[in-house]
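As a plain string of letters, each chain reads:
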Amino acid sequence: MSLPDGWEMVIGLEVHTELQTKTKLFCGCANAFGADANSQVCPVCLGLPGSLPVLNEQAVELAMAIGFALHCSVAPSTFHRKNYFYPDMPKDYQISQYDLPINSNGYLDLPDGSRVTIERAHLEEDTGKSTHLGGSGRIHGADRSLVDYNRSGVPLVEIVSGPDMRSAAQARAYAAELRGILIATGASDGRLEEGSMRFDANVSVRRPGAPLGTRCEIKNLNSLRSLQRAIDYEAARHVAILEDGGKIRQETRHWSEDLGETSTMRTKEEADDYRYFLEPDLVELSPSIEWQDRVRAALPPMPAERRATLLTIVSEPTSAQRDAVGVIVDLQLDRFVLDAVAQGADAALAIARTSNEIAAGIDSLANLSLDSFVTTLQLEASGSLSATQAKTVLAEVLATGGDPVAIAAARGFEQLASDTLSDLVASLVEAHPDEWHRFREGDEKLAQFFIGQVMKATKGQANGKAVIAELNARR
Amino acid sequence: MSSRLTREDVAKVAALARLRLSDEELDLFTEQLSKILGHADDMAALDLTGVAATAHPFGLINIVRPDVVTPSLNRDAFLSQAPDVQDFRFAVPRIVGEAP
């Protein structure tokens, strides 16, 4: 979706990602999704008097890994208390990094070549989870709320971009690329449906070249689809108000996926005053150069580099192949494809079958061995299996884990012996002299006629390319 | 220095901290807090050229613990202390407004 002529969207994103540590940020309670309510809670998570936070070393390393993957610099940092009253935080403050974040000044390059600056990526703790009872289940109209503190204190990194994005699609591409990077670093499992990543979008509109317009922040978007839809809706709302001669009020807004619209959560005047102050129970975090180098050296290749590596196996990649390579890296299947090609599979076929058939059956990937995959592709490349047959065999191997040669045989996908095909074509040429004459005169459409006849006679077991080769040999 | 901190400032901070103060208490705390802030102003008057900012009086850095799970509390122990519990969760009155 695009805005009316003469308007430009300006978007910045704040992305919260939970870190895949074994324990919480400031205590040894387990950091695991889906446990019984309040079963991973201790005096630190409950904010009991006398409890003291101690920083998790692994959370620091994952935060640095994120920073390095986003080309940030790591600097000495401190923790602050962000004070507010809300039952999801029993201490009545959240420990977060404020004026001195661990990572700052980085960037992320998107697949389309655009660059989004990263202002900062800092550590903070997650809050507890509230369930609102009564009413519609949303806060407004709820009779009461139930709080589970398992999530309270789970380590988060908040990644703040510059206001650099100019369309909802670009914002979505940024979020998707960032997700791939977070998974590659091992910092996050990237499971949006479990709340592992949450997006806040700052949206404003302006006339191109004009100063930034008044922005609204849409909170807690939890899917790429919601992110894109909410931004498009919000920008269109701004344009409608401004073209009507109205003014945008700076505020925080909520996105309703069902209604497909945003609504006011709180205005700037109602914004809390968090009274940040240094957390006296934590000391400065100042990773040594050696520690930083160790984390940086352990970073695996990022998605952009992996896409580039995978593209090297095809000489002149088409745009469909570029898209396919993106899908393959997203699914962490690039190693699989490279290994298959190293074992003799055709590169273009490996990319096509992986991004389609294997992607569709990804949940049962364990059923497909590398050998089975390579065998299937070789049967297809040699013409023993048609493309349709190869897809059917792959789908069945994925579903059942069987042997591709046995499956092809059981389905009657026997290779049509070349002398059988040759005899068949010879008899068809004799039986259809007019068509054969026109084909010899150069009417290529007649090739399809003969392929159709061959397929009919063989119940679809012949390979179209082999038929054309046979026809051309007789021309 | 008391001109720096007004009675309205103290009333606002009290409201943010969910403290209900009487008029007498507001007067008392405005005066006391002004003195405390005055002390900070005294330090601001010193020549601190070349003195690095202090994040913590101990001067320690990088105090971290290994990422190893330690036992959590038995939830019955603390839920029994809560005013109201439902489904092993703390039950709280209707929340006005969303989380920050």
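About the cut-offs
- Residues numbered from 1 in each chain as written.
- Chains lettered and ligands numbered in written order.
- Predicted model: local features only at pLDDT ≥ 70, side-chain atom pairs only at ≥ 80, totals over all residues.
- Heavy atoms only, no water.
- Helix = DSSP H or I, 4+ residues; strand = E, 2+ residues; numbered from the N terminus.
- Rg over C-alpha atoms; globule rule 2.2 N^0.38 Å.
- Buried < 20%, exposed > 50% of the residue type's maximum accessible area, 1.4 Å probe, protein only.
- Contact = heavy atoms within 4.5 Å.
- Areas by Shrake-Rupley, 256 points an atom, 1.4 Å probe, with all protein chains shown as cover.
- Lys, Arg positive; Asp, Glu negative; His and termini not counted.
- Charge placed at Lys NZ, Arg CZ, Asp CG, Glu CD.
- Expected span 1.5 Å × (residues − 1).
- Domains from an automatic or database assignment.
- Buried area = accessible area lost by both parts, 1.4 Å probe.
- Salt bridge = Lys/Arg side-chain N within 4 Å of Asp/Glu carboxyl O.
- Polar contact = N/O pair within 3.5 Å; in protein donor to acceptor, adjacent residues only side chain to side chain.
- Nonpolar A, V, L, I, M, F, W, Y, C, P; charged D, E, K, R; others polar.
- Core = buried A, V, L, I, M, F, W, Y, C linked by side-chain atoms within 4.5 Å.
- Pairing = 2+ DSSP bridges.

Peer 1: Which parts of the structure should I look at to understand the overall build of chain A?
Peer 2: Check the secondary structure of chain A and you find 16 helices and 15 strands. A globule of 475 residues ought to have a C-alpha radius of gyration of about 23 Å, yet chain A, at 29 Å, is considerably larger. Principal axes of the C-alpha set define a box for chain A whose edges measure 95 × 55 × 50 Å. The 475 residues of chain A split such that 51% are buried. Within chain A, counting contacts between residues at least 6 apart in sequence, those at least 24 apart form 68% of the total. Accessible area of chain A: about 21100 Å², with a carbon and sulfur share of 50%. Where the 46 positive side-chain charges of chain A centre and where its 66 negative ones centre are 3 Å apart.

Peer 1: Hey, could you run me through helix H9 (residues 347-360) of chain A in this one?
Peer 2: Structurally, the α-helix is built with 3.6 residues per turn, so residues lying three or four positions apart point the same way. Residue and element names in this part refer to chain A. For H9, with 14 residues, the first-to-last C-alpha span of 19 Å sits near the 20 Å given by 1.5 Å per residue. Burial analysis of H9 places ten of its 14 residues in the buried class, which makes it a mostly covered element. Within H9, the full set of buried residues consists of Ala347, Leu349, Ala350, Ile351, Arg353, Thr354, Ser355, Glu357, Ile358 and Ala359. Where H9 is buried, its residues meet helix H7 (319-330), helix H8 (334-342), helix H10 (370-381) and helix H11 (387-400).

Peer 1: How should I be thinking about the side chain of Thr127 of chain A in this particular structure?
Peer 2: Residue and element names in this part refer to chain A. Secondary-structure assignment places Thr127 in the loop between strand E7 (115-125) and strand E8 (129-133). You can call Thr127 buried: its relative accessible area is 11%. Ignoring any residue separated from it by four or fewer positions in sequence, one finds Thr127 in contact with Tyr84, Asp88, Met89, Arg151 and Ser152.

Peer 1: For this particular structure, what's the right way to read the domain arrangement of chain A?
Peer 2: All names here are of chain A. In terms of domain boundaries, chain A breaks down into domain 1 (8-297), domain 2 (303-410) and domain 3 (418-474). The centre of domain 2, based on its C-alpha atoms, is set 30 Å off from the matching centre of domain 3. For the domain 2 and domain 3 pair, buried surface summed over both sides reaches about 230 Å², with 33% attributable to carbon and sulfur atoms. If you look at where domain 2 meets domain 3, you find zero salt bridges. Applying the counting rule to domain 2 against domain 3 returns zero residue pairs in polar contact (both at pLDDT 80 or more). Of the residues belonging to the side of domain 2 that touches domain 3, the class tally is one nonpolar, three polar and no charged.

Peer 1: How do you make sense of the environment of Ala175 of chain A when you look at a structure like this?
Peer 2: Residue and element names in this part refer to chain A. Note on placement: Ala175 falls in helix H3 (residues 168-185). Judged by relative accessible area, which is 0%, Ala175 ranks as buried. Taking C-alpha positions, Ala175 is 22 Å from Thr21, a pair spaced 154 residues apart along the chain. If we skip the residues at most four places from it in the chain, Ala175 touches Met197, Phe199, Leu224 and Leu227.

Peer 1: How should unusual backbone geometry be read in this particular structure?
Peer 2: The general pattern is negative phi for most residues beyond glycine and trans for most peptide bonds. Residue and element names in this part refer to chain A. One non-glycine residue, Asp92, lies in positive phi territory at about 70°. Relative to the assigned elements, Asp92 resides in the loop between strand E4 (80-83) and strand E5 (93-96). Although it is not a glycine, Asn105 sits at a positive phi angle of roughly 55°. Inspection of the secondary structure assignment puts Asn105 in strand E6 (residues 103-109).

Peer 1: What's the story with the nonpolar core in this structure? I'm lost.
Peer 2: Nonpolar side chains in soluble globular proteins tend to end up buried together. Residues and elements named next belong to chain A. Leu13, Leu70, Leu123, Ile159, Tyr174, Phe199 and Ile231 are the most contacted members of the largest nonpolar core, which has 78 residues in total. Setting aside residues no more than four positions away along its own chain, Leu70 makes contact with Gly106, Tyr107, Leu108, Ile118, Ile159, Leu178 and Ile181. In terms of nonpolar packing, the next biggest core, distinct from the first, is built from 31 residues, Leu310, Leu349, Phe373 and Val374 among them.

Peer 1: Where do I start with the interface of chain A and chain B in this structure?
Peer 2: It is common to give the size of an interface as the accessible area lost on bringing the parts into contact. Listed as interface residues are 62 residues of chain A and, on the opposing side, 37 residues of chain B. Buried surface at the junction of chain A and chain B, summed over both partners, amounts to about 4200 Å²; 58% is from carbon and sulfur atoms. A per-residue breakdown of the area chain A buries against chain B is headed by Phe85, Arg144 and Val283 of chain A, which together make up 13% of the total. Summed over the shared surface of chain A and chain B, the number is two salt bridges. A salt bridge links Arg144 of chain A to Asp84 of chain B; the shortest N-O distance between them is 2.5 Å. Our count for the chain A to chain B interface comes out at 22 residue pairs in polar contact (both at pLDDT 80 or more). With five residues, the single largest contributor to the side of chain A that touches chain B is strand E9 (residues 144-148) of chain A. In terms of residue class, the side of chain A that touches chain B is built from 31 nonpolar, 16 polar and 15 charged.

Peer 1: Would you explain the sheet that holds strand E3 (residues 89-93) of chain B in this entry?
Peer 2: Within a sheet, each strand pairs with its neighbour through backbone hydrogen bonds, oriented either parallel or antiparallel. An order of E8(A)-E9(A)-E3(B)-E2(B) is seen for the four strands of this open sheet, with the pairing classed as antiparallel. Because the sheet does not close on itself, it has two edges, and the strands there are E8 of chain A together with strand E2 (85-86) of chain B.

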